[in-house]
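Report on the structure
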Amino acid sequence: MTFSSYLTNLIIPFNLCMTLVVIGLVLGLFRLRKTGGALIVAGLLWALAWSLPATSVWLGGALESRYPHLSPEQSPTADAIVVLGGNTANGRANWFLPYEKDKAVVRIDIAAQLYLAGRAPKVLLSGGALEGDVSEARGMAHAIRQQGVPETALILENSSRTTYENAAMTEDQLKARGIGKILLVTSALHMPRAMAAFAKQGVVAIAAPAPPQIVPPTDGSLSLWVPDQRTFDASRSIIKEYAGLFVYWLRGWV
């Protein structure tokens, strides 16, 4: 693992917590006990904060609420629907609850619903191969055809690996086909960063997010102030979005 990839992995709360604890212990060995102790406490508090559902509801909910989810019938029309590869919290309909395949939030489902509701005549699928030879775009194409979207309506962008590349490479495809306005489909959590990336490319995009996932269960089975392992594991998605938006802000994109 390279140093840069290790820094990237610090987005995972457990990794940053353990890094701070280890550094704190090392500093303690060199008699820098106050500094070391402060780092250890900071690491433990960081892990505790992200294990609390309240943190996800507050910070994640703030991102998800930026662009409300609309039904296909309520959505405006456009020249094309653009779907970004990836998922959030493994596609769980509610990331505080166990994964249920029948209730999973799949971005391609939203795109299919929009197409079948007549919101746009074309669907552009964006996403390169993260592992192996099959791109996310090709995988999404197979799935959306199963839902009744014809091959003739599909455009594939098979090379992008990041949100910025999604936007840049998609813009090339749109421009080549004279497509102007798009409906942009991704998770509600990812939508603020995706909209910023597409705006940077000059694409006229209308947000068409999947339904929010960071919603406390209505049955009261989860306490917002009690640490939860599932919440802790999923929290990296929120941190990743804020880190990405911070980088975009530094570059003047938002």
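First things first, this report covers the structure right here in the doc. (Residues numbered from 1 in each chain as written. Predicted model: local features only at pLDDT ≥ 70, side-chain atom pairs only at ≥ 80, totals over all residues. Heavy atoms only, no water.)

As for the nonpolar core
Ile81, Val83, Val123, Leu125, Ile144 and Val149 are the most contacted members of the largest nonpolar core, which totals 24 residues. Of all the elements in the fold, those that place two or more residues in this core are strand E1 (80–84), helix H5 (107–116), strand E2 (123–126), helix H6 (136–145) and strand E4 (181–185). A total of 6 residues in this core trace back to one element, the largest contributor, which is H5. Setting aside anything within four residues of it in sequence, one finds Leu125 in contact with Val83, Ile108, Ala137, Met140, Ala141, Ile144, Leu154, Ile155, Leu156 and Glu157. (Core = buried A, V, L, I, M, F, W, Y, C linked by side-chain atoms within 4.5 Å. Buried < 20%, exposed > 50% of the residue type's maximum accessible area, 1.4 Å probe, protein only. Helix = DSSP H or I, 4+ residues; strand = E, 2+ residues; numbered from the N terminus. Contact = heavy atoms within 4.5 Å.)

Considerations on the packing of helix H2 (residues 13–29) against helix H3 (residues 33–51)
It is the contact of H2 with H3, at a shortest axis distance of 7 Å, that shows an interaxial angle of 165 degrees. It follows that H2 is roughly antiparallel to H3 by the angle criterion. Along this stretch, H2 crosses H3, giving a crossing that reads as left-handed. Where H2 abuts H3, its residues Pro13, Leu16, Cys17, Leu20, Val21, Ile23, Gly24, Leu25, Leu27 and Gly28 lie against Arg33, Thr35, Gly36, Leu39, Ile40, Ala42, Gly43, Leu44, Trp46, Ala47 and Trp50. Its residues assigned to classes, the contact of H2 with H3 comprises 15 nonpolar, 5 polar and 1 charged. (Axes fitted to C-alpha atoms, helices over the stretch in contact; angles between N-to-C directions. Parallel < 35°, antiparallel > 145°, perpendicular 65-115°, else oblique. Left-handed = near helix turned anticlockwise from the far one by under 90°. Nonpolar A, V, L, I, M, F, W, Y, C, P; charged D, E, K, R; others polar.)

Things to note about the pattern of salt bridges
One pass over the structure, following the stated rule, counts 2 salt bridges. The shortest N-O distance in the salt bridge between Glu151 and Arg145 comes to 2.9 Å. (Salt bridge = Lys/Arg side-chain N within 4 Å of Asp/Glu carboxyl O.)

Some words on the pairing of strand E3 (residues 154–157)
Here 4 bridges tie E2 to E3, and the two strands are oriented parallel to one another. Bridged to Ser126 within E3 is Glu157. The parallel pair E2 and E3 is bridged by H6, and the resulting crossover is right-handed. (Pairing = 2+ DSSP bridges. Right-handed = clockwise from strand over helix to strand, strands pointing away.)

Some thoughts on the packing of helix H7 (residues 163–176) against helix H8 (residues 191–200)
Helix-helix packing is described using two parameters, namely the angle between the two axes and the distance between the axes. Where H7 meets H8, the closest approach of the two axes is 8 Å, and the angle between their N-to-C directions is 40 degrees. Judged by the inter-axis angle, H7 sits oblique to H8. As for the relative orientation of H7 and H8, their crossing is right-handed in sense. Seen from H7, the contacting residues are Thr163, Tyr164, Asn166, Ala167 and Thr170; seen from H8, they are Arg193, Ala194, Ala197 and Phe198. Looking at the contact of H7 with H8 residue by residue, the class counts come to 5 nonpolar, 3 polar and 1 charged.

Quick look at the environment of Leu10
Of note, Leu10 is situated in the loop between helix H1 (3–9) and H2. Ignoring sequence-local partners within four residues, the contact set of Leu10 consists of Asn15, Leu16 and Thr19.

Considerations on H6
The set of residues buried in H6 consists of Ala137, Met140, Ala141 and Ile144. For H6, the buried positions fall inside an angular range of 105 degrees around the axis, keeping them on one side. Elements in contact with the buried residues of H6: E1, H5, E2 and E3. (Arc of directions from axis to C-beta.)

As for the sheet that holds strand E5 (residues 204–207)
Across the sheet, 5 strands lie side by side as E3-E2-E1-E4-E5; this open sheet has parallel pairing. Each edge of the sheet is formed by a strand with only one pairing partner; in this case those strands are E3 and E5. The sheet shows a mean angle of 25 degrees between the axes of neighbouring strands, taken without regard to direction. Bridge count between E1 and E4: 4 bridges; the pairing is parallel. Looking across to E4, one finds that Val82 is bridged to Leu184. Taken strand by strand, H5 contacts E1, E2 and E4, and its axis lies near 175 degrees from that of E1. Those strands touched by H8 are E1, E4 and E5, and its axis lies near 150 degrees from that of E4.

A closer look at H7
For H7, spanning 14 residues, the distance from its first C-alpha to its last is 20 Å, which sits close to the expected 20 Å at 1.5 Å a residue. All buried positions along H7 are accounted for by Thr163, Asn166, Ala167, Ala168, Thr170, Glu171, Gln173 and Leu174. Packing partners of the buried residues in H7 comprise E1, E2, E3, E4, H8 and helix H10 (236–250). Immediately downstream of H7, the backbone of Gly178 shows phi near 70 degrees, a positive value. (Expected span 1.5 Å × (residues − 1).)

From the geometry alone we can't say anything about function, so treat these as descriptive.
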